[in-house]
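Structure assessment
Now for the letters of each chain:
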Amino acid sequence: MPEPMPLELPGPVPSRGWAEYAQYARRLDEVRAQENARTAGIREGVAEMSEHADALHAQLEQQRRGMTAFAQNMKFTAPTGAGVVPAGPVEPQTDLARVAQLHDAAEREGTVAVERANRPNLLPGSGARMRGLAVFGIAALVIMVIQLIGFSTTNNNPDFLRYGVLVPLAGFVVALLVLRQGNQSRNPDVPATPLPTRMGLLLCFGALPILFGILVLANR
């Protein structure tokens, strides 16, 4: 009976095993480096968003104090209570950008409101002399119409005290009160523009001589 042949085991291959080990080690280092970079980026992003959120919170608080003081100065009723909590999931980066946009929009609108509150109530786009000329000019036209009615109803012989003194005086006082209110602004800290009383007196009491001259020229 023939003897069995001995079983030959493969010999060790240290070079191949070491190469595979080195390859896996390098791959592991790459994965670890990528993971460290990813987590470092996440931490950096979170830190930046946290810093941005803190800065926005400080800006909003400063804006709230300024708007509250402005509302109190203007005798407005400031809103009370907490704001509306948005529903749904929170996206920090998107929501922070939205908050920044709303802050900038509120800042622009607040600036416009302050500028408007500092301007006069009547004809805010006009200067003081133009505003006075408009108010007293309208008063002089009304006075002239009343005087014309007086001329026509009295056969060109109106009562001078009524149409030459009392009517111009009443028109001057009414226009002066309108202009005094119109020169003021909603902000009590802004001083009112001086009233052009001399211009008003000339226009209101000069209406009768002007009307008389027009009638004389018309009857020639």
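Right above here is the structure, for reference.
Residues numbered from 1 in each chain as written. Predicted model: local features only at pLDDT ≥ 70, side-chain atom pairs only at ≥ 80, totals over all residues. Heavy atoms only, no water.

**As for the environment of valine 190**
To keep things clear, this is the line we draw: For the purposes of this entry, the term helix denotes a DSSP run of H or I that reaches at least four residues, the term strand denotes a run of E that reaches at least two, and both are numbered from the N terminus.
You can see valine 190 is positioned in the loop between α4 (160-183) and α5 (197-205). In this structure, the C-alpha to C-alpha distance between valine 190 and asparagine 118, residues 72 residues apart in sequence, is 6.4 Å.

**Points about helix α2 (residues 92-118)**
Basically, it comes down to this: In a helix, the anticipated span is given by 1.5 Å times the number of residues less one. Three exposure classes are used, based on accessible area relative to the maximum for each residue type with a 1.4 Å probe and protein chains only: buried under 20%, partly exposed in between, and exposed over 50%.
Helix length check: α2, at 27 residues, gives a terminal C-alpha distance of 39 Å against a target of 39 Å (1.5 Å per residue), a fit within 8%. Listed as buried for α2 are Leu96, Ala100, His103 and Ala117.

**A few points about a nonpolar patch on the surface**
Note the threshold: Exposure above 30% relative accessible area and the lack of any salt bridge qualify a residue for a patch; like charges then connect within 9 Å, and the nonpolar side chains Val, Leu, Ile, Met, Phe, Trp and Tyr within 5 Å. Computed by Shrake-Rupley with a 1.4 Å probe, the accessible areas treat only the displayed protein chains as cover when residues are assessed. By convention in these notes, a salt bridge is any Lys or Arg side-chain nitrogen within 4 Å of a carboxyl oxygen on Asp or Glu.
Taken together, the side chains of Leu169, Val173, Leu177, Leu201 and Phe205 make up a nonpolar region of the molecular surface, amounting to roughly 400 Å² of accessible area. Breaking the nonpolar patch down by element, the ones donating at least two residues are α4 and α5. For the nonpolar patch, the element with the highest residue contribution is α4, accounting for three residues. Its location among the elements puts leucine 201 in helix α5. Here leucine 201 falls in the partly exposed class, since its relative accessible area comes to 39%.

**Considerations on the side chain of histidine 103**
Short version of the rule: Working rule for contacts: check all heavy atoms of both residues, and any pair within 4.5 Å makes them a contact.
Examined against the element boundaries, histidine 103 turns out to sit in helix α2. Taking relative accessible area as the criterion, histidine 103 reaches 11% and is therefore assigned buried. Discounting residues that sit within four places of it in the chain, histidine 103 has contacts with Gln59, Leu60 and Gln63.

**Observations concerning the pattern of salt bridges**
Side chains bearing opposite charge may pair, as long as their charged atoms lie close to each other. Summed over all chains, the structure comprises two salt bridges. Here arginine 64 and glutamate 61 are joined by a salt bridge, their closest N and O atoms 2.6 Å apart. Pair noted here: arginine 64 and glutamate 61 are both in helix α1 (residues 14-73), with a separation of three residues, about one helical turn. Using a relative accessible area of 27% as the deciding quantity, one classes glutamate 61 as partly exposed. One salt bridge in this structure joins glutamate 61 and arginine 65, with 3.7 Å as the shortest N-O distance. Linking glutamate 61 with arginine 65, this pair stays in helix α1, spanning four residues, or about one helical turn. Relative accessible area serves as the criterion here: at 47%, arginine 65 is assigned to the partly exposed category.

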